[in-house]
Amino acid sequence: MGLAENQLSFDLLESWMALNPEAAAFKNPEGESVFRQLALFQDYHGLPEFKNAMAQFMSEIRGNKVDFDADNLVLTAGSTSANETLIFCLANPGDAFLLPTPYYPGFDRDLKWRTGAEIVPIQCFSSNNFRITESALEDAYKEAQKRKLKVKGVLVTNPSNPAMEVLSELKDKTDDVWERVHIVYSLSKDLGLPGFRVGALYSNDKMVVSAATKMSSFGLISSQTQYLLAAMLSDKKFTKKYLSENQKRLKERHEMLVAGLREAGIECLESNAGLFCWVDMRHLLSSNTFEAEMELWKKIVYQVGLNISAGSSCHCTEPGWFRLCFADMSEETLGLAMKRISSFVASEQPVTTGTTSPRNSNKSSRRKGFTKWVLRLSQNNDQKMKFLSDKVTNNSHGQDSSYFLGWQEYEKNPYDEIKNPKGIIQMGLAENQLSFDLLESWMALNPEAAAFQNPEGESVFRQLALFQDYHGLPEFKNAMAQFMSEIRGNKFTKKYLSENQKRLKERHEMLVAGLREAGIECLESNAGLFCWVDMRHLLSSNTFEAEMELWKKIVYQVGLNISPGSSCHCTEPGWFRLCFANMSEETLALALKRISSFVASEQPASTGTTSPRTSNKSSKRKGFTKWVFRLSQNNDRNRER
């Protein structure tokens, strides 16, 4: 009776599902509906069958050289959520992480925006293919010390995004080291499902797993998605075929891009993984500055019609490097992109950039860029900014970066072979569409998992699986807004709302009447899935300790899980929350019978006339002291880490 859940009208939802099979087919292998199980509250730990399948898949894509324990896996809504959760777990505001440059522009948002953590770059250079060196690590650490920042770790993307450098394995494999290695993973790249928002945090540190699991409630994966992917990833014949074929297609597409660029006189950093290439266009710069890089980037976006990511948006230490994606388009579109680049290079006159030190030039360029940014910011509406938080008004989320501006331009003028052949081709999106036919074939062979189809019976799986706008699907938002306003006029929603309201009222009246017969009153209410119940007369004293004694009796002796008022920060002891809509009528009747028997066996005690406020304060002070004492008994070394 502690779960605020409504199961009273599931038959109406299930009837609608039966009449609208194109919406979803939530059935198990035996053809039985699992809609009810999936639609109810789920354990924050995730569906066991999905976690097991995910752990096995993570091992499979690593050649089964590493085993992953599903108990050490924390599920999150994409790797963005996993990254932030990990930072929250490891760092306090003002602590720092070392990141090798160039790095993914989104990290400025994911790691810093809400956590208050800082990023100290490990400066890497083209002279050694942007590899991390011991001296570069040492320099970054000294920089953090100079800024009085406590370094809590080094974050490495493997393979590197955007440089696509693959790190060799860790040489030190002792348990003590592995306990400090935390892995963030998602299905966005390996399975090409960024729209499904499936990520995970893996750690051998039980304290990190415990804390991250609690925090994952802010970004859970829907149980429907977990159910579908559990079936998909458990099909080993399919996953083996998918991984093999996908790797082959990525390799062929990568070779096509590298060859096309080479014909145009452009080289790429050597790589053997990923969905994009780190491309060297320094010879096309008018000068060895980031201003010149932005000039070139604007030409490529506005004149050539290609959205690519400028190296400066990735905090690259040298101007003239760009990230080009190749797995989010057809082979024909990539061929056209190569043709456009080739024509552009032929029309440009390469300029010598001189021998100016990249480090000195970068510092000057960045300083100018920062000054311009501050000037633009100061011209904003100061009055409006006063009503916004620092997180919203500053540039810590990186939205002013060319990385995101390129996306905006693409959305204004997207390439379409027929409708807009001169539009911008999206090469700034690290998305894999090369093996969707395999995924769609699996879906066709497994209709019980899900039926992603529109009313015309056409598959929309591809659209849903790709990157989605953060604002959400417009059709869903419109339907949600209409539903919330109860003016939708839909036959199903009208019937559902009316019948559900009727059932809630009847069940509420049943609970109130049953409690009243037992001598217990409820706070008067006319909405919701629970009642606020007054059991003060059953307390042995007017304290929160007495409330907890009564709660324990009701839970352990009576066999009812209810919520004590103190857990809801109630100012008076003796109030409890009882839910009634998450069970059958027969189960509620049994609960009321148990309560009645319990009250009859109890001798109501006078709680005296002690002021509830005074008593509460004393009680809470004692409880707080006990809690602080328990906390101080934890392992100080673990807490510091």
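What you see is a predicted model; the values in this text were computed from it and never measured.

### What about the overall build of the protein?
Part 1: When its secondary structure is counted, the protein shows 25 helices and 16 strands.
Part 2: For the protein, long-range pairs separated by at least 24 residues make up 73% of all intrachain contacts whose partners lie at least 6 apart in sequence.
Part 3: Total accessible area on the protein is roughly 34,900 Å²; 53% of this is exposed by carbon and sulfur atoms.

### Concerning unusual backbone geometry
Part 1: Across the junction of threonine 101 and proline 102, the peptide omega takes the value -5°, indicating a cis bond.
Part 2: Position of proline 102 among the secondary structure elements: in the loop between β2 (96-100) and α5 (107-110).
Part 3: For histidine 569, which is not glycine, the phi torsion reads 65° and is therefore positive.
Part 4: Take histidine 569: its relative accessible area is 65%, and that puts it in the exposed class.

### Overview of the environment of isoleucine 300
Part 1: Within the fold, isoleucine 300 resides in helix α12 (residues 290-304).
Part 2: When the C-alpha positions of isoleucine 300 and arginine 340 are compared, they lie 9.3 Å apart, and in sequence the two are 40 residues distant.

### As for the pairing of strand β14 (residues 530-534)
Part 1: Strand direction decides the pairing type here: strand β13 (residues 521-522) and β14, joined by two bridges, are antiparallel. The residue of β14 that forms the bridge with glutamate 521 is aspartate 534.
Part 2: Here β14 runs beside strand β16 (residues 575-579); their pairing, made up of five bridges, is antiparallel. Bridge pairing in β16 links aspartate 534 to tryptophan 575.

### Observations concerning the pattern of salt bridges
Part 1: If you walk through the whole model with that rule in mind, you get 14 salt bridges.
Part 2: The residue lysine 553 makes a salt bridge to glutamate 602 at a minimum N-O spacing of 3.4 Å. Pair noted here: lysine 553 is in helix α22 (residues 544-558) and glutamate 602 is in the loop between α23 (585-601) and α24 (612-632), with a separation of 49 residues, a long-range link.
Part 3: Taken together, the shared-partner salt bridges connect Asp280, Arg282 and Glu318 into one network.

### Details of the packing of aromatic side chains
Aromatic rings in a pair are described by how distant their centres are and how their planes are angled relative to each other.
Part 1: Counted under the stated rule, the structure contains seven aromatic pairs.
Part 2: Aromatic side chains tyrosine 104 and phenylalanine 107 sit 5.3 Å apart centroid to centroid with 85° between the ring planes, which places their arrangement in the edge-to-face category. Just as tyrosine 104 is buried, phenylalanine 107 falls in that class too.
Part 3: Each ring, one from phenylalanine 130 and one from tryptophan 321, has its centre 5.1 Å from the other, and the planes form 90°; the classification is edge-to-face. With phenylalanine 130 in the loop between β3 (118-122) and α6 (134-146) and tryptophan 321 in strand β11 (residues 321-325), this residue pair connects regions lying 191 residues apart in the sequence.

### Some points on the sheet that holds strand β1 (residues 73-76)
Part 1: Here we have three strands laid out as an open sheet, ordered β1-β6-β5, and antiparallel in their pairing. The sheet is open, and its two borders are formed by β1 and β5 (182-186), each paired with just one other strand. For this sheet the average axis-to-axis angle between neighbouring strands, irrespective of direction, equals 20°.
Part 2: Bridging between β1 and strand β6 (residues 199-203) involves four bridges; their strand directions are antiparallel. Each residue of the ladder has a partner; that of threonine 76, found in β6, is glycine 199.

### Some details on the packing of helix α4 (residues 78-90) against helix α9 (residues 206-215)
Part 1: Contact geometry of α4 with α9 gives a least axis separation of 10 Å together with a crossing angle of 125°. In terms of axis orientation, α4 runs oblique to α9. Both α4 and α9 take part in a crossing whose hand is right-handed. In contact with Thr85, Leu86, Phe88, Cys89 and Leu90 of α4, α9 contributes Val208, Ala211, Ala212 and Met215.
Part 2: The residue inventory of the contact of α4 with α9, partitioned by class, reads eight nonpolar, one polar and no charged.

### Quick look at empty space enclosed by the protein
Part 1: Tallying each qualifying case throughout the model produces two cavities of 30 Å³ or more.
Part 2: Computed from the structure, the largest cavity encloses a volume of approximately 40 Å³.
Part 3: Lining the largest cavity are Ile520, Met535, Leu538, Ile554, Val558, Leu560, Ile595, Phe598 and Val599.
Part 4: Of all the secondary structure elements, the ones that give two or more residues to the lining of the largest cavity are α22 and α23.
Part 5: It is α23 that provides the largest number of residues to the lining of the largest cavity, a total of three residues.
Part 6: Across the lining of the largest cavity, the residue classes break down as nine nonpolar, no polar and no charged.
Part 7: Its boundaries defined by the atoms lining it, the second largest cavity holds a volume of some 40 Å³.
Part 8: Every residue along the wall of the second largest cavity is listed here: Met281, Leu284, Ile300, Leu306, Ile308, Ile341 and Phe344.
Part 9: Across the lining of the second largest cavity, the residue classes tally to seven nonpolar, no polar and no charged.

### Structural notes on the sheet that holds β3
Part 1: Spatially, β3-β2-β4 is the arrangement adopted by the three strands of the open sheet, whose pairing is parallel. At either margin of the open sheet sits one strand with a lone partner, and together these are β3 and β4 (151-154). Between one strand axis and the next, the sheet turns by 30° as a mean value, whatever way the strands run.
Part 2: Pairing geometry for β2 and β4, over three bridges, is parallel. Counterpart to phenylalanine 97 in the pairing with β4 is glycine 153.

### With respect to the confidence of the model for the protein
Part 1: Taken over all residues, the pLDDT of the protein has a mean of 75, while the share at 70 or more is 66%.
Part 2: This model gives residues 2-18 a pLDDT under 50, and the stretch forms 58 contacts once residues within four places in sequence are excluded.
Part 3: Note that pLDDT drops below 50 for residues 353-393; the model gives that stretch 39 contacts with residues more than four away or on any other chain.

### Structural notes on the nonpolar core
A general trend in soluble globular proteins is that nonpolar side chains are found buried together.
Part 1: With 36 residues, the main nonpolar core has Leu261, Met281, Leu324 and Ile341 as its most contacted residues.
Part 2: Within the residue set of this core, elements represented by two or more residues are α11 (236-263), β8 (276-280), α12, β11 and α13 (331-347).
Part 3: In this structure, Ala518, Cys531, Leu560 and Met583 belong to the second largest nonpolar core, which totals 31 residues.

Rules and cut-offs
- Residues numbered from 1 in each chain as written.
- Predicted model: local features only at pLDDT ≥ 70, side-chain atom pairs only at ≥ 80, totals over all residues.
- Heavy atoms only, no water.
- Helix = DSSP H or I, 4+ residues; strand = E, 2+ residues; numbered from the N terminus.
- Contact = heavy atoms within 4.5 Å.
- Areas by Shrake-Rupley, 256 points an atom, 1.4 Å probe, with all protein chains shown as cover.
- Buried < 20%, exposed > 50% of the residue type's maximum accessible area, 1.4 Å probe, protein only.
- Pairing = 2+ DSSP bridges.
- Salt bridge = Lys/Arg side-chain N within 4 Å of Asp/Glu carboxyl O.
- Phe/Tyr/Trp six-rings, centres within 6.5 Å; stacked < 30°, edge-to-face > 60°.
- Axes fitted to C-alpha atoms, helices over the stretch in contact; angles between N-to-C directions.
- Parallel < 35°, antiparallel > 145°, perpendicular 65-115°, else oblique.
- Left-handed = near helix turned anticlockwise from the far one by under 90°.
- Nonpolar A, V, L, I, M, F, W, Y, C, P; charged D, E, K, R; others polar.
- 1 Å grid on protein atoms, 1.4 Å probe; cavity = no way out; pocket = protein on both sides within 12 Å on 5 of 7 lines; lining within 4 Å.
- Points joined across faces, edges and corners; volume = space filled by probe spheres on them.
- pLDDT = per-residue confidence, 0-100.
- Core = buried A, V, L, I, M, F, W, Y, C linked by side-chain atoms within 4.5 Å.

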